[in-house]
Amino acid sequence: MASPVQQHTQSGSGKRKGKAQYLQAKRIRRCDGGGPRQLEPGLKGILITCNMNERKCVEEAYVLLNEYGDDLYGPEKFIDKDQQPSGSEHGDDDVEAALKKEVGDIKASTEMRLRRFQSMESGANNVVFIRTLGIEPEKLVHHILQDMYKTKKKKTRAILRMLPISGTCKAFLEDMKKYAETFLEPWFKAPNKGTFQIVYKARNNSHVNREEVIKELAGIVGSLNSENKVDLTNPQYTVVVEIIKAVCCLSVVKDYMLFRKYNLQEVVKSAKDPPQLNFKQTVQAGNGKEAKLETGDKSNQNDPAEEKNNQKVVPKSSEELGQTKPISEVSMANEGEAKPEFASQVTEASESSENDLS
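Residues numbered from 1 in each chain as written. Predicted model: local features only at pLDDT ≥ 70, side-chain atom pairs only at ≥ 80, totals over all residues. Heavy atoms only, no water.

(A) Representation of the overall build of the protein chain within the structure. Looking only at helices and strands, the protein chain has 12 helices and 12 strands in total. Relative to its 358 residues, the protein chain shows a buried fraction of 32%. Working note: accessible area of the protein chain is about 22900 Å², and carbon and sulfur atoms make up 49% of it. (Helix = DSSP H or I, 4+ residues; strand = E, 2+ residues; numbered from the N terminus. Buried < 20%, exposed > 50% of the residue type's maximum accessible area, 1.4 Å probe, protein only. Areas by Shrake-Rupley, 256 points an atom, 1.4 Å probe, with all protein chains shown as cover.)

(B) A look at the pattern of salt bridges. Per the counting criterion, the structure on display carries 11 salt bridges. Where R203 meets E242, a salt bridge forms, and the shortest distance between an N and an O atom there is 2.5 Å. Pair noted here: R203 is in strand β6 (residues 195–203) and E242 is in strand β8 (residues 237–244), with a separation of 39 residues, a long-range link. Using a relative accessible area of 3% as the deciding quantity, one classes E242 as buried. R210 serves as the salt-bridge partner of E211, at 2.6 Å between the closest nitrogen and oxygen. Shared partners join several salt bridges into a network, and the residues in it are E67, D147 and K155. (Salt bridge = Lys/Arg side-chain N within 4 Å of Asp/Glu carboxyl O.)

(C) Structural context of unusual backbone geometry. The omega torsion of the bond from A190 to P191 falls at 10°, within 30 degrees of zero and hence cis. Positive phi, close to 60°, is recorded for K152, a residue that is not glycine. Classification of K152 by relative accessible area gives partly exposed; the value is 33%. Look at K245: it is not a glycine, yet its phi comes out positive at around 55°. When you line up the elements, K245 lands in the loop between β8 and β9 (247–253). Residue K245 is classed as partly exposed on the basis of its relative accessible area, which comes to 44%.

This is the structure we're talking about:
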């Protein structure tokens, strides 16, 4: 029987595994299916934002993408294990040739195990990247949004926005410029042309300047065809730039404004639904005509006199009542007077949707 000292030495010699080691082993097991499991340059897929529930988001994404993917491309085909090529069928005396053959067989079997849709780690919270294989992401996502826009049938709860990613590269300005020169040609190189805007979003990245990226991409689009024009209201194409850590995701989508910035929660809403306003305006007709304006900003609650002046406007006649306009409309009109130049016109479309938590 070992002494207490020896027992203590034996127990102390064995090191307990840390949490990082368990997580690393778990990731290795998850990678058995083949292919990368983290967002990196050279991939195509779909970038999805969610409302604090990534696991539920992935489940909904698989259901939705498989449903519409089967509709467009047919059911996914799987290959049985006994049909996979094996390197032991023909003997080869040459060791080098046999080794090359074995490596080729491993690559072939890995490609056979790749699924049409595969969830990957995006590198940002509340963001999921689904790698696609053998399909066109922009075509599939547009088909999903078009159907939901027509039917007004809500099919997801956790998914907010669904953006197709047609290509990825390193998130450095020179790499992005070099990649965009060839990436944007199918849409903007002569004789192709169209109106466009650029939507930019960066997560967990501080070394890329937003204004520089937008300026360079706008210059590339203009150099491909001088007839390409900026349109921030209803553009024909929207260049989506999503940067996560050191990876830049690019895509060119259509109907970006029509489909509510590719927001699955907003696209199913009817046009008859009353918008959520920050103010209420009630008008009472009669002998004591009074127009009451209640603003959403309650910063002046501590000043009763100023609050009273801001909230109540008593016109003397019905003409003044018709001329009364909310303060927000006047400020928007004044802001819209100045028109920037071509390079500075391409600005990010504001992410004003309350449901978008990205």
